[in-house]
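# Observations on the model geometry
Here's the letter readout for the chains.
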Amino acid sequence: MSIEQVTVFGGSGFIGRAIVQALARQGYQIRVAVRRTELAEPVTTSGDVGQIMLMRSNIRMPQSVAVAVAGSQAVVNATGIPFQRGRQRYQSVHVDGARNIAAACKAAGVERLVHISGIGADRESGNPFIRSKGQAEQAVVAEFEQATFLRPSVVFGHDDQIFNRMAGIAAKAPFLPIVGSGKVRVQPVFVGDVSAAAAAVLAKPETAKSVFELGGPLIYTYRELAELVLRTIDRRRPIIGIPAELMKIAGFFAQQIALFGLRPPLTADQVELMCHDNVVRAGAPSLDSLGIQPTAAEVILPTYLDRFRIGGRYNQHASA
Ligand SMILES: NC(=O)c1ccc[n+]([C@@H]2O[C@H](COP(=O)([O-])OP(=O)(O)OC[C@H]3O[C@@H](n4cnc5c(N)ncnc54)[C@H](OP(=O)(O)O)[C@@H]3O)[C@@H](O)[C@H]2O)c1
């Protein structure tokens, strides 16, 4: 059976939107399953009229998941939460939600399931976020053995959290803080390459039952990333390492604004993530296994961080 319709859970998110765009370019009929359809409206313009349909679905509710999956031959799970609030827990969304999707795929006879996970997902981790990502993979395989896992490193792109946040801090604060000594390594990957990978695995049946680790062409330490951001926005700031434990306390307090419905700038779990190398394991199937040449951060960052330059986007010469 060939794939005609794909359901994308999390299609209103940063990575999900890019995946919807990539799938639309391949000509698939797409159903974007989200809790808040009003937030996903813009994504419907990524395809032809009627090609991308929105459907209300909460992955914590198995019945709404089953309805969203019915009639699709492939499903992508690009949902996730960066912090816990109310009923949105790592267990209920990452683990139980992923299991609900996988079980619905199995019951509906879906051919392909692509699950967006993350490098370092580890069900034994002491960190609840990282642990839930590992437990999610395990729960998915238990229900749908043929699932394909895409594990990106830190993802960059126009609406990313990490680079926009670093540049925003550098534009306002007298220094740019990094976690610890900044020696931890990451391999930032372009959101356009992650979405191309999702489209590529759907086109290749042989990629079922496999795990791809997605990283960019270069590995940086967090200190090197901070230097790259400062160079890109043409600002001079001292880069100051703050002990991880202090940053976690700051993250804990920052997280409290979530109680008022706001997205915290930093959480303790995110700080913990920045304490561990986040790079593609040697020999792991990656973007090149899918015929995708990874895009360098140096090429893309100037296209959206330039608004943090002194004088804004159109001032090419000022520096501070
Ligand atoms: N961004 C990165 O650098 C990065 C790196 C590695 C891995 N990842 C993983 O990639 C996935 C997507 O990340 P992202 O950055 O695109 O996150 P995002 O922008 O926060 O998007 C998350 C999506 O999940 C949906 N969602 C959350 N709870 C839901 C629920 N109960 N039912 C249905 N939908 C729900 C959200 O929609 P509503 O809230 O409107 O329902 C949104 O569409 C996550 O699993 C993340 O851990 C991200």
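Predicted model, so just to flag it, every value in this text is computed and none were measured. (Residues numbered from 1 in each chain as written. Predicted model: local features only at pLDDT ≥ 70, side-chain atom pairs only at ≥ 80, totals over all residues. Heavy atoms only, no water.)

## Quick word on the site of the ligand
As a structural note, the neighbourhood of the ligand is formed by 25 residues, with Ser12, Arg35, Thr79, Gln88 and Lys133 the closest of them. Contacts to the ligand include Ser12, whose side-chain N or O atom sits 2.7 Å from an oxygen atom. Surface burial for the ligand is 86%, taken as the share of its 880 Å² of free accessible area covered by protein chains. Counting only elements with at least two residues in the shell around the ligand, the list comes to α1 (14-25) and α5 (128-143). The residue inventory of the shell around the ligand, partitioned by class, reads 10 nonpolar, 10 polar and 5 charged. (Near = heavy atom within 4 Å. Polar contact = N/O pair within 3.5 Å; in protein donor to acceptor, adjacent residues only side chain to side chain. Areas by Shrake-Rupley, 256 points an atom, 1.4 Å probe, with all protein chains shown as cover. Helix = DSSP H or I, 4+ residues; strand = E, 2+ residues; numbered from the N terminus. Nonpolar A, V, L, I, M, F, W, Y, C, P; charged D, E, K, R; others polar.)

## Focus: the packing of aromatic side chains
Under the counting rule described, the total for this entry stands at 4 aromatic pairs. Plain terms: the ring middles of Phe252 and Phe253 are 5.4 Å apart, the flat faces sit at 75° to each other, and that makes the pair edge-to-face. Classification of Phe253 by relative accessible area gives exposed; the value is 54%. Counting every residue linked through ring pairs, the aromatic cluster contains Phe156, Phe163 and Phe190. (Phe/Tyr/Trp six-rings, centres within 6.5 Å; stacked < 30°, edge-to-face > 60°. Buried < 20%, exposed > 50% of the residue type's maximum accessible area, 1.4 Å probe, protein only.)

## Quick notes on the sheet that holds strand β3 (residues 52-56)
Spatial strand order, β3-β2-β1-β4-β5-β6-β11: 7 strands in an open sheet with parallel pairing. Across the chains shown, the open sheet's two edge strands, defined by having one partner strand only, are β3 and β11 (211-214). Between one strand axis and the next, the sheet turns by 20° as a mean value, whatever way the strands run. Sheet topology note: the strand β4 (residues 74-77)/strand β5 (residues 112-116) ladder contains 4 bridges and is parallel. Considered in β5, the bridge of Val76 is made with Val114. The sheet strands contacting helix α7 (residues 191-203) are β1 (5-9), β4, β5, β6 (148-152) and β11, and the helix crosses β6 at an angle near 165°. (Pairing = 2+ DSSP bridges. Axes fitted to C-alpha atoms, helices over the stretch in contact; angles between N-to-C directions. Contact = heavy atoms within 4.5 Å.)

## Here's the deal with a nonpolar patch on the surface
A grouping of Leu246, Ile249, Phe252 and Phe253 is seen on the molecular surface, where their side chains present a nonpolar patch of about 440 Å² in accessible area. Mapped onto the secondary structure, Ile249 falls in helix α9 (residues 244-255). (Patch = residues over 30% accessible without salt bridge, like charges linked within 9 Å, V, L, I, M, F, W, Y side chains within 5 Å. Salt bridge = Lys/Arg side-chain N within 4 Å of Asp/Glu carboxyl O.)

## Looking at the nonpolar core
In terms of nonpolar packing, the biggest core is built from 72 residues, with Val6, Leu23, Ile30, Leu150, Phe163 and Leu305 touching the most fellow members. The element that contributes the greatest number of residues to this core is α7, accounting for 8 residues. In this view, Phe163 contacts Phe156, Pro188, Leu225, Val229, Leu301, Tyr304 and Leu305; residues no more than four positions away in its chain are not counted. Formed by 24 residues, the second largest nonpolar core is a distinct cluster that contains Val75, Val93, Val110 and Ala136. (Core = buried A, V, L, I, M, F, W, Y, C linked by side-chain atoms within 4.5 Å.)

## Points about the environment of Ala142
With respect to the element layout, Ala142 can be found in helix α5. Overall, the relative accessible area of 67% leaves Ala142 in the exposed class. Put simply, Ala142 and Gly27 are 115 residues apart on the chain and 31 Å apart in space, counted from C-alpha to C-alpha.

That is the geometry; function is a separate question.
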